[in-house]
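Close look at the chain arrangement
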Amino acid sequence: AMSQLTRAMTALSFGMLAAPSSAEYYPDLVFHGACAAKSFLNGVHFANVGRTYYGAPYYKGTSSDGADQYIYWDPDCAGGGDGAARWIVGAQAPDITRKNDLDGDGTCEYHARIDSTHKEFPPPVAFWMMRCGAPTSESTLVDLAAVTTTETRTSTTSSTSSSSQTRTSTTKSSTTTSSSTATTATSTTTLMMFKLSGACPYKEFLNGLTFREEGTTVSGARYFKALETDQYLYHDVDCDGGSNGVPRWIIDSDMPDPSLSQDLDQDNKCNYHARLNTENIRDLPSAGTWQVWCGLGWVDTVLHLDNTGNWSHMDGQDDSTVLELQGHFSKHECSQQEALNSLQFELQGTTAGGSPWYKAKAAEQYLFYDMSCSGAAGTPARWVIDEDAPNVSAIADLDGDGNCSYHARVKTTDGTAPPKGAMWRVQCDGSWTDMWLALFRLPVTTTAAPTTTKLARTTATTKAADTAQDVVVLNGAKGLPHGLAVLGLGPLLLWLLG
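Thresholds, definitions, all that
- Numbering of residues begins from 1 in every chain and follows the order in which that chain's sequence is written.
- At least 70 in pLDDT is required for a residue's local features to be given in this predicted model, at least 80 for side-chain atom pairs to be given and counted, and no such filter applies to totals for whole chains, interfaces and linings, which use all residues.
- The side-chain values count all of the structure's non-hydrogen atoms but skip hydrogen atoms and water molecules.
- The helix count covers DSSP runs of H or I at least four residues long, the strand count covers runs of E at least two residues long, and both are numbered beginning at the N terminus.
- Throughout, exposure labels follow a simple rule: accessible area from a 1.4 Å probe, protein chains only, divided by the maximum for the residue type, with under 20% read as buried, over 50% as exposed, and the rest as partly exposed.
- Where accessible areas are quoted, they stem from the Shrake-Rupley method and a 1.4 Å probe; at the residue level, only the protein chains shown are allowed to cover.
- Any cysteine sulfur atom paired with another within 2.5 Å is treated as part of a disulfide.
- Distance and chemistry together define a polar contact, namely a pair of N or O atoms within 3.5 Å, with one atom able to donate a hydrogen and the other to accept it when in protein, and with adjacent residues in sequence counting only for side-chain atoms on both sides.
- In what follows, residue pairs with any heavy atoms lying within 4.5 Å of each other are defined as contacts.
- Aromatic pairs are defined between Phe, Tyr and Trp rings, using the six-membered ring for Trp, whenever the two ring centres lie within 6.5 Å; interplanar angles under 30 degrees are classed as stacked, those over 60 as edge-to-face, and all others as tilted.

**Overview of the overall build of the protein**
Helices and strands together make up the secondary structure of the protein, namely 4 helices and 30 strands. Buried positions account for 48% of the 498 residues belonging to the protein. If you sum the accessible surface of the protein, you get close to 21,900 Å²; carbon and sulfur atoms cover 51% of it.

This is how it looks when you write it as structure tokens:
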């Protein structure tokens, strides 16, 4: 009798388990965020056209000047054996048969690059080094918005093709129909993002930070968080809670509580990096005179808040929504969460709070929004990736464990939909690490019943005063091999082998 392993490999060799198309697992990308010298890259639609020698996807697009442009991963762009692996945006087509120096020029010539050992996909939102003028490169925030294309056919061979393109500032959708029409309604929430400069040397660490809008406080004012670190910008009508303060915008290392009407950082004093006194909660000046603490006292300083473009996430998700998780999990970085790579989370319904919740198709993993993961007042709301199923009738502490135990979280007051790309706090090899995670929207597909996989968790203690922080350390996570997870073959192979 044929062994289970032989049966599985035979099924593969005869095409019974066809690998998914690259377009299904590697969506096309739209480029945004180029500097003025490389503005021809903005808006370029990069189509996924295949994979290179090491299996990394590569993309081709046509820029506004009519030239072909490419995005690809190269482990050594000069071919000398001592280069850094990186994603590249360049004008030369990669030779997919080469192991390194894919454009064959013997040098590292390109428009932009980001060093990365992760070849699975380019980061959706990240700082790239871009050649914006001689002789050096500039760090530039680049947004690679995913583009999803689906096709629906009816039993009468009538077909409807629809495509939607999500950008950082707007969403465009179009539908073409031969004899019947199916339309999916979507909407976007457009939010502000800007880069700060002009701080005095004592506060030099603030310069270059990119602040992204996280939501609004109870007063209706927007509040922001830096992408790179825990720094915040928000409006407070009374920073010490004494009911006699001056309304002001504040730059602070303490996270504001958006549910409070005053003293948003709850320190009962006015302690922060900088302030701008104003009752105007709607507008932030692009160049305003702030008072900045510069070591020996408060100094009037012009801070520049340069708009880097808006960002958006998709709302209106329905029963057909499947989100594929992509992160930089590998044997070399965050290996214990490697099984999370490429998990597809399928919408299950809504919780008592009205937020959608999802379950992974191939594992006992869940994605849901929790207003207070510990159940205690004052714990910030967040999206959570957890092995415990949420109690959808609960308003807070949806996994019922009485503390904040999970694999990953992103704090936000927006529970309408998980962010398409954001900096999550992930439990990685014994410590909490900031990591960009992307959630790509995919069409629903029918698969065989999967064998479930569970990641191990153990509990560790943290300082008692920080009850809202993450208290779980994950050890020895077990799951699908990364290569199978990326190909989407893991569940089917496990089914055949089981």
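**A few points about the state of the cysteines**
Using the criterion set out here, one finds 5 disulfides in the structure. Note on cysteine connectivity: C35 is disulfide-linked to C132, with sulfurs 2.0 Å apart. Here the disulfide of C35 and C132 is left-handed, its torsion about the S-S bond being about -105°. Pair noted here: C35 is in the loop between strand 1 (28–32) and strand 2 (45–51) and C132 is in the loop between strand 7 (125–130) and strand 8 (138–153), with a separation of 97 residues, a long-range link. By the burial criterion, C35 is buried, and C132 matches it. There is a disulfide in this structure between C373 and C404, and the S-S distance comes to 2.0 Å. Judged by the sign of its S-S torsion, about 80°, the bond between C373 and C404 is right-handed. In this pair, C373 sits in the loop between strand 24 (366–370) and strand 25 (382–386) while C404 sits in the loop between strand 25 and strand 26 (408–411), placing the two residues 31 residues apart along the sequence.

**Focus: the side chain of S355**
Positionally, S355 belongs in the loop between strand 22 (344–350) and strand 23 (356–360). Of the polar contacts made by the side chain of S355, one reaches the backbone oxygen of G415; its length is 2.7 Å. Apart from residues no more than four positions distant in its own chain, S355 is found in contact with G349, T350, Y369, W383 and G415.

**A look at the packing of aromatic side chains**
Inspection of the entire model under this criterion finds 10 aromatic pairs. Ring geometry for F194 versus F211: centroids 6.0 Å apart, planes at 25°, classification stacked. Linking F194 in strand 12 (residues 193–197) with F211 in strand 13 (residues 210–216), this pair joins segments that are 17 residues apart in sequence. We classify F194 as buried; its relative accessible area is 3%. The exposure class assigned to F211 is buried, which follows from its relative accessible area of 0%. Taking 5.4 Å as the distance between ring centres and 70° as the angle between the ring planes, the aromatic pair formed by W293 and W298 counts as edge-to-face. On the accessibility criterion, W293 (30% relative accessible area) is partly exposed. The structure contains a cluster of three or more aromatic residues connected by ring pairs, namely Y53, Y54 and W73.

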